[in-house]
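# An overview of the molecular structure
The residues making up each chain are set out below.
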Amino acid sequence: MTDRLIRAITADGMVKATAVTTRELTERARQIHKTLPVVTAALGRTLAAASALKSEGASLSIQVRGGGPVGAIVAISDSEGNVRGYAEHPQVDLPLRSDGKLDVGAAVGCDGTLTVIKDLCMKEPYIGSVQLLGGEIAEDIAQYFVESEQIPTACAL
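All of the points below concern the structure found in this document.

Definitions and cut-offs
- Residues numbered from 1 in each chain as written.
- Predicted model: local features only at pLDDT ≥ 70, side-chain atom pairs only at ≥ 80, totals over all residues.
- Heavy atoms only, no water.
- Axes fitted to C-alpha atoms, helices over the stretch in contact; angles between N-to-C directions.
- Helix = DSSP H or I, 4+ residues; strand = E, 2+ residues; numbered from the N terminus.
- Parallel < 35°, antiparallel > 145°, perpendicular 65-115°, else oblique.
- Left-handed = near helix turned anticlockwise from the far one by under 90°.
- Contact = heavy atoms within 4.5 Å.
- Nonpolar A, V, L, I, M, F, W, Y, C, P; charged D, E, K, R; others polar.
- Core = buried A, V, L, I, M, F, W, Y, C linked by side-chain atoms within 4.5 Å.
- Buried < 20%, exposed > 50% of the residue type's maximum accessible area, 1.4 Å probe, protein only.

## Things to note about the packing of helix H1 (residues 23-33) against helix H2 (residues 37-53)
At a closest axis distance of 9 Å, the pairing of H1 and H2 adopts a crossing angle of 130 degrees. One element, H1, and the other, H2, form an angle in the oblique class. Crossing geometry of H1 relative to H2 is assigned as right-handed. Contact with H1, carried on its side by Leu25, Thr26, Ala29, Arg30 and His33, involves Thr40, Leu43, Gly44 and Leu47 of H2 and no other residues of that element. Counted by class, the contact of H1 with H2 contains 4 nonpolar, 4 polar and 1 charged residues.

Okay, structure coming up:
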């Protein structure tokens, strides 16, 4: 399956949706950075968010600093749709959660911030930062939109 990005908006403009598949992007990041599974998931989710949130003609950076063993995770997308990123500690390995899923929240941590930097080619970039809720990336992205941009948001990564 090829990576894809699809955007939609209702006729009245009240609801916007973005769907993105980033399996190839995430696999390429795993190969480059030699990440273990839980770090691959955290980095892949952050890369997916950066690719989905990009504004036309702007670059966007997402920085996640949660105090967990992964350390900082950074993803950057440019105005051409290119996305890159890294995790500070790619070799983190944690036991699976009780439901058998990767424990991304524990790897990222929840004692820190998610920061979004939008460079809109103006004098200064827009910088918004929120406290992490749980390190699960998607819920933290949704919280960013609610707190920093006052946009009710649902996010799944």
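Moving on from the model shown.
## Some thoughts on the nonpolar core
Ile62, Val64, Ile73, Val108, Leu114 and Ile141 are the most contacted members of the largest nonpolar core, which totals 31 residues. Where this core is concerned, the elements lending two or more residues are H1, H2, strand S3 (59-65), strand S4 (72-77), strand S5 (83-87), helix H3 (104-108), strand S6 (113-119) and helix H4 (138-148). In terms of residue count, H2 provides more of this core than any other element does, 9 residues in total. Every residue in contact with Leu114, bar those within four places of it in the chain, is listed here: Ile62, Gln63, Val64, Gly128, Ser129, Val130, Leu132, Asp140, Ile141 and Tyr144.

## Comments concerning the environment of Thr18
If you trace the backbone, Thr18 turns up in strand S2 (residues 16-21). What makes Thr18 partly exposed here is its relative accessible area of 39%. For the pair Thr18 and Ile6, spaced 12 residues apart in sequence, the C-alpha to C-alpha distance is 5.7 Å. Ignoring sequence-local partners within four residues, the contact set of Thr18 consists of Leu5, Ile6, Arg7 and Ala52.

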